[in-house]
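Observations on the three-dimensional arrangement
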Amino acid sequence: MSAYPVNMSVKPEVTAFFDEDTNTISYVVKDPESNACAVVDSVMDIDYAAGRITFTHADNIIAFIKDNGLKLEWIIETHVHADHLSAAPYIQQKLGGKLGIGSKITVVQDTFGKVFNEGTEFQRDGSQFDRLFEDGDTYQVGSMTCFAIYTPGHTPACMVHVMGDAAFVGDTLFMPDGGSARADFPGGDAGTLYDSIQKLLALPDDMRLFMCHDYGPNGREIKWETTVGEEKKHNIHVGEGKTREDFIKFRTERDAQLDMPRLIIPSLQVNMRAGQVPTDSSGKKMLKVPVNGL
């Protein structure tokens, strides 16, 4: 882990925003030495049956940033989410900041550009984002040096973002009693996910970990913060004694039983465009439904 610029002495203020409809947690991360902040994994509200998009969740984040006199410098997507729509462009329009995602977004765009039969006007080079991160890339939030760790397996473009003593893990890992995310989406791989999780667990034991999702296993209250040490000891899928072979066997068998996420069709179309809703030839916002394509 020496290749990454870990600095546990920097302790950002992290404020969580839970979206009950998609069980997503978004974050505002404040530099402890300035008013600079970042937003991680925002949510755009959608009533899919009605075809209606609203921004209540994003407006709560925007209000928090304004009310606390913060300056938004980065809007981070940990990956192309398949279970909720990103509100990144809406937040960026209101508050500014740069939008970043992992460089392998181009792989996701190419894969799902074909699934959704997108034309040549859909750019598959990641140009919808302001920054495409490679493994180990750094960026600043105020005085705080942040960095990205490439953690594929759930998707080809997953990255964990580390800001001081806080790491935002996306879907690379769940709370200890939640285990791990599925690895059966196009470009996903259970063995690769296990390897990525080991990179994450090589961070210091007291590194705070912030989840992108929590589903309250066994009826417990929703939680989103744990530590590397707790995951190493207690994670039901990759904790002490769980081998790579065990994980692959479990994950493959489990994934075969899972339904597709409820919002996968709108989410992929929007999120591979950096949160922009696609339009038809007349410029009207429109989503496609590929039949037997996923």
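Residues numbered from 1 in each chain as written. Predicted model: local features only at pLDDT ≥ 70, side-chain atom pairs only at ≥ 80, totals over all residues. Heavy atoms only, no water.

1. Re the nonpolar core
Stated formally: Note on terminology: a nonpolar core comprises buried Ala, Val, Leu, Ile, Met, Phe, Trp, Tyr and Cys residues joined through side-chain atoms within 4.5 Å. Burial status follows relative accessibility: with a 1.4 Å probe on protein chains alone, a residue under 20% of its type maximum counts as buried, one over 50% as exposed, and anything between as partly exposed.
Core analysis: the biggest nonpolar cluster contains 38 residues, and Val28, Val39, Ile65, Leu72, Ile91 and Leu268 have the highest contact counts within it. Counting residues in each nonpolar core, the second largest holds 24 residues, with Ala183, Leu203, Val238 and Phe247 among its members.

2. So, the pairing of strand β3 (residues 36–40)
Rules: Labels follow the DSSP assignment, with helices taken as runs of H or I lasting at least four residues and strands as runs of E lasting at least two, numbered in each case from the N terminus. DSSP calls a pair of strands paired once it identifies at least 2 bridges connecting them.
Among the five residues in β3, five count as buried, and that is most of the element. Of the two faces of β3, both are covered, the one formed by Ala36, Ala38 and Val40 as well as the one formed by Cys37 and Val39. Note: strand β2 (residues 24–30) against β3, four bridges, orientation antiparallel. Across the sheet, residue valine 28 finds its bridge partner in β3, namely valine 39. Bridge count for β3 against strand β6 (residues 71–76) is five bridges, and the pairing is parallel.

3. Brief notes about the environment of phenylalanine 55
What counts, and what does not: Residue contacts are defined here by distance: any two heavy atoms, one from each residue, within 4.5 Å place the two residues in contact.
Here phenylalanine 55 shows up in the loop between β5 (52–54) and α1 (56–67). Given the relative accessible area of 23%, phenylalanine 55 is considered partly exposed. Expressed as a C-alpha distance, the spacing of phenylalanine 55 and asparagine 218, which sit 163 residues apart in the sequence, is 31 Å. Once you skip the residues sitting within four places of it in the chain, phenylalanine 55 turns out to touch Met44, Asp45 and Tyr90.

4. Structural notes on the packing of α1 against helix α2 (residues 88–95)
Any two packed helices are characterised by how steeply their axes cross, that is the angle between the axes, and by the distance between the axes. Note the threshold: Axis angles are defined between N-to-C directions and span 0 to 180 degrees, where every axis is a line fitted to C-alpha atoms and, for a helix, only to the segment in contact. Should an angle lie under 35 degrees it is considered roughly parallel, over 145 roughly antiparallel, and from 65 to 115 roughly perpendicular; all remaining angles are considered oblique. Two helices that cross are described as forming a left-handed crossing if the nearer one is turned anticlockwise from the farther one by less than a right angle, and a right-handed crossing if clockwise. Charged means Asp, Glu, Lys or Arg here, nonpolar means Ala, Val, Leu, Ile, Met, Phe, Trp, Tyr, Cys or Pro, and polar covers whatever is left, Gly included.
Between α1 and α2, the least distance of the axes is 10 Å, while the angle of their chain directions is 30°. One finds that α1 runs roughly parallel with respect to α2. Note on packing geometry: the crossing formed by α1 with α2 is right-handed. Between α1 and α2, the residues in contact are Ala58, Asp59, Ile62, Ile65 and Lys66 and Tyr90, Ile91, Lys94 and Leu95, respectively. In the contact of α1 with α2, the residues fall into six nonpolar, no polar and three charged.

5. A closer look at the packing of helix α4 (residues 190–201) against helix α6 (residues 244–255)
With their axes 9 Å apart at the nearest point, α4 and α6 run at an angle of 130° to one another. With respect to α6, the element α4 is oriented oblique. In this structure, the crossing between α4 and α6 has a hand that is right-handed. Each of Ala190, Gly191, Thr192, Leu193, Tyr194, Asp195 and Ile197 in α4 lies in contact with α6, whose residues at this interface are Arg244, Phe247, Ile248, Arg251 and Thr252. Looking at the contact of α4 with α6 residue by residue, the class counts come to six nonpolar, three polar and three charged.

6. Notes on the pairing of strand β1 (residues 13–19)
Pairing of β1 with β2 involves seven bridges; the strand directions are antiparallel. Its bridge partner being in β2, valine 14 is matched across the sheet by valine 29. As consecutive antiparallel partners, β1 and β2 are separated by four residues, and within that stretch asparagine 23 has a phi angle of approximately 55°, a positive value.

7. Some words on the sheet that holds strand β12 (residues 166–168)
Spatially, β9-β10-β11-β12-β13-β14 is the arrangement adopted by the six strands of the open sheet, whose pairing is mixed. The sheet is open, and its two edges are formed by β9 (138–141) and β14 (225–227), each paired on a single side. Here the average twist between neighbouring strands, direction ignored, is 30°. Here β12 pairs with strand β13 (residues 208–210) via three bridges, running parallel. By the bridge assignment, alanine 166 is partnered in β13 with arginine 208.

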